[in-house]
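# Observations on chain architecture
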Amino acid sequence: GAGVSQSPSNKVTEKGKDVELRCDPISGHTALYWYRQRLGQGLEFLIYFQGNSAPDKSGLPSDRFSAERTGESVSTLTIQRTQQEDSAVYLCASSLGGAANYGYTFGSGTRLTVV
Amino acid sequence: AQTVTQSQPEMSVQEAETVTLSCTYDTSESDYYLFWYKQPPSRQMILVIRQEAYKQQNATENRFSVNFQKAAKSFSLKISDSQLGDAAMYFCAYRSGGGSNYKLTFGKGTLLTVNP
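Residues numbered from 1 in each chain as written. Chains lettered and ligands numbered in written order. Predicted model: local features only at pLDDT ≥ 70, side-chain atom pairs only at ≥ 80, totals over all residues. Heavy atoms only, no water.

### A few points about the overall build of chain A
Spelled out, the test is: The secondary structure listing takes helices from DSSP runs of H or I that are at least 4 residues long and strands from runs of E that are at least 2 residues long, numbered from the N terminus. The cut-offs for exposure are 20% and 50% of the maximum accessible area for each residue type, with area from a 1.4 Å probe on protein chains only; residues under the lower value are buried, those over the upper are exposed, and the others partly exposed. In this description, contact between two residues means that some pair of their heavy atoms is separated by no more than 4.5 Å. For the accessible areas, the method is Shrake-Rupley and the probe is 1.4 Å, while residue cover comes only from the protein chains on display. His is not counted, nor are the chain ends; Lys and Arg add positive charge and Asp and Glu add negative charge. To locate a charge, the coordinates of NZ of Lys, CZ of Arg, CG of Asp or CD of Glu are taken.
Counting secondary structure elements, chain A contains zero helices and 10 strands. Secondary structure of chain A in N-to-C order comes out as β-β-β-β-β-β-β-β-β-β. The principal-axis extents of the C-alpha atoms in chain A amount to approximately 40 × 25 × 25 Å. Looking at the 115 residues of chain A, the share that counts as buried comes to 48%. If you take every contact in chain A between residues at least 6 apart in sequence, the share linking residues at least 24 apart comes to 55%. Surface accessibility of chain A: about 5200 Å² in total, with carbon and sulfur atoms responsible for 44%. With 11 positive and 11 negative side-chain charges, chain A shows a separation of 4 Å between the mean positions of the two kinds.

### Quick look at the pairing of strand β10 (residues 88-96) of chain B
Residues and elements named next belong to chain B. The test is simple: Any two strands with at least two DSSP-identified bridges between them are counted as paired.
The buried fraction of β10 amounts to eight of the nine residues, a majority that puts the element mostly inside the structure. As paired elements, β10 and strand β12 (residues 110-115) share three bridges and run antiparallel to each other. When the bridges of β12 are listed, M89 appears paired with L111. The pairing of β10 with strand β11 (residues 105-106) spans two bridges and is classified as antiparallel. Looking across to β11, one finds that A93 is bridged to F106.

### Thoughts on the state of the cysteines
Residues and elements named next belong to chain B. Formally: Count a disulfide wherever a pair of cysteine sulfur atoms falls within 2.5 Å.
With the rule as written, the count across this model stands at two disulfides over all chains. The partner cysteine of C23 in its disulfide is C92, sulfur to sulfur 2.0 Å. Between C23 and C92, the S-S dihedral sits near -70°, and the bridge is therefore left-handed. Residue C23 is located in the loop between β3 (19-21) and β4 (24-26), and its partner C92 is located in strand β10; the two are separated by 69 residues in the primary sequence.

### Examining the interface of chain A and chain B
For the record, the criterion: Buried area adds together the accessible area that both of two parts lose upon being put together, with accessible area traced by a 1.4 Å probe. For this document, the term salt bridge refers to a Lys or Arg side-chain nitrogen within 4 Å of an Asp or Glu carboxyl oxygen. We call two N or O atoms a polar contact when they sit within 3.5 Å, provided that within protein one can donate a hydrogen and the other can accept it, with sequence-adjacent residues counted only if both atoms are side-chain atoms. Only Asp, Glu, Lys and Arg are considered charged, only Ala, Val, Leu, Ile, Met, Phe, Trp, Tyr, Cys and Pro nonpolar, and every remaining residue, Gly among them, polar.
Each side of the interface is counted separately: chain A has 27 residues, and chain B has 19 residues. Together, the buried faces of chain A and chain B total about 1900 Å²; carbon and sulfur atoms form 48% of this surface. Summed over the shared surface of chain A and chain B, the number is one salt bridge. Between D56 of chain A and K103 of chain B there is a salt bridge, and its shortest N-O distance comes to 3.7 Å. Inspection of the region where chain A meets chain B yields nine residue pairs in polar contact (both at pLDDT 80 or more). Counting only elements with at least two residues in the side of chain A that touches chain B, the list comes to β4 (31-37), β5 (43-50), β8 (88-95) and β10 (110-114) of chain A. The class makeup of the residues in the side of chain A that touches chain B is 12 nonpolar, 13 polar and two charged.

### Some details on the sheet that holds strand β3 (residues 19-24) of chain A
Each strand in a sheet pairs with its neighbour through backbone hydrogen bonds, running either in the same direction (parallel) or in the opposite one (antiparallel). Residues and elements named next belong to chain A. Under the convention used in this document: Only the stretch in contact is used when a helix axis is fitted, and all axes are lines through C-alpha atoms; the angle between N-to-C directions ranges over 0 to 180 degrees.
Within the open sheet, the four strands sit side by side as β1-β3-β7-β6. Their pairing is antiparallel. A strand with exactly one partner marks an edge of an open sheet, and here the two such strands are β1 (5-7) and β6 (65-69). Direction aside, neighbouring strands of the sheet carry axes that sit 15° apart on average. Strand direction decides the pairing type here: β6 and strand β7 (residues 75-79), joined by five bridges, are antiparallel. If you follow E68 over to β7, its bridge partner there is T76.

### Quick notes on the nonpolar core
Residue and element names in this part refer to chain B. The test is simple: By nonpolar core we mean a set of buried residues, namely Ala, Val, Leu, Ile, Met, Phe, Trp, Tyr and Cys, connected to one another through side-chain atoms within 4.5 Å.
Core analysis: the biggest nonpolar cluster contains 25 residues, and Y25, W36, F75, L77 and Y90 have the highest contact counts within it. Contributions of two or more residues to this core are made by β3, β5 (32-39), β6 (46-52), β8 (64-69), β9 (74-79), β10 and β12. Top contributing element to this core by residue count: β10, with four residues.

### Here's the deal with the packing of aromatic side chains
Spelled out, the test is: Stacked, edge-to-face and tilted labels apply to pairs of Phe, Tyr and Trp rings (six-membered ring for Trp) whose centres lie within 6.5 Å, assigned for plane angles under 30 degrees, over 60, and everything in between, in that order.
Using the criterion set out here, one finds 18 aromatic pairs over all chains in the structure. Relative to F45 of chain A, the ring of Y35 of chain A has its centre 5.8 Å away and its plane inclined at 75°; by these criteria the two rings are edge-to-face. With a gap of 10 residues between them, Y35 of chain A in strand β4 and F45 of chain A in strand β5 connect regions that are remote in the sequence. Ring geometry for Y104 of chain A and F106 of chain A: centres 5.6 Å apart, planes at 45°, overall tilted. Residue F106 of chain A is classed as buried on the basis of its relative accessible area, which comes to 1%. These aromatic residues form a ring-pair network of at least three members: Y33, Y35, F45, Y48, Y104 and F106 of chain A together with F35, Y37, F91, Y102 and F106 of chain B.

And the structure:
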């Protein structure tokens, strides 16, 4: 596609429910990233996928968070047993590769509200 | 670990005037990249300007320019001839040039208001 597409745009869920967020990267972009943006804060790194390599999950805040990506296509970020502190905007980005000279393209994010 | 600090939570500027947003960072690396991103209400992060640390010349993109002071670890963004469309959150970000260089480390942002 022309850009990074994320769905849903907004999600309201009840505490304790599971949610799944989707990211469709730019075609041909081998690298994919998830970041979390809490209210009034900068972005926090969550996870990085590069092709078929093992992902870097070092930013995931707890074992309730997981992410999958098949090859170089769509990625899903799953949050189990959601808590109120999970409320944030979840941004996805993709790039041609992981090297620093490749710029990121961000999606418009999913705003998650846990009530 | 690298840190990025934006000391101005909010700034305002009159349309057509110039404004400077501040950013400092802390790193022990010599090879890195610095970025300014703009986030309008649409939430999408848009790259405004990028600076490679090995380059002495300050980056410029039309009305946007940076003042990169490597020794002082300072990276400010100057917006000239401010326009209403420049109103947004601005984030300064750091990316290592080596090792785990795919991660961006962000500051907390500066909310820029442009007054007509």
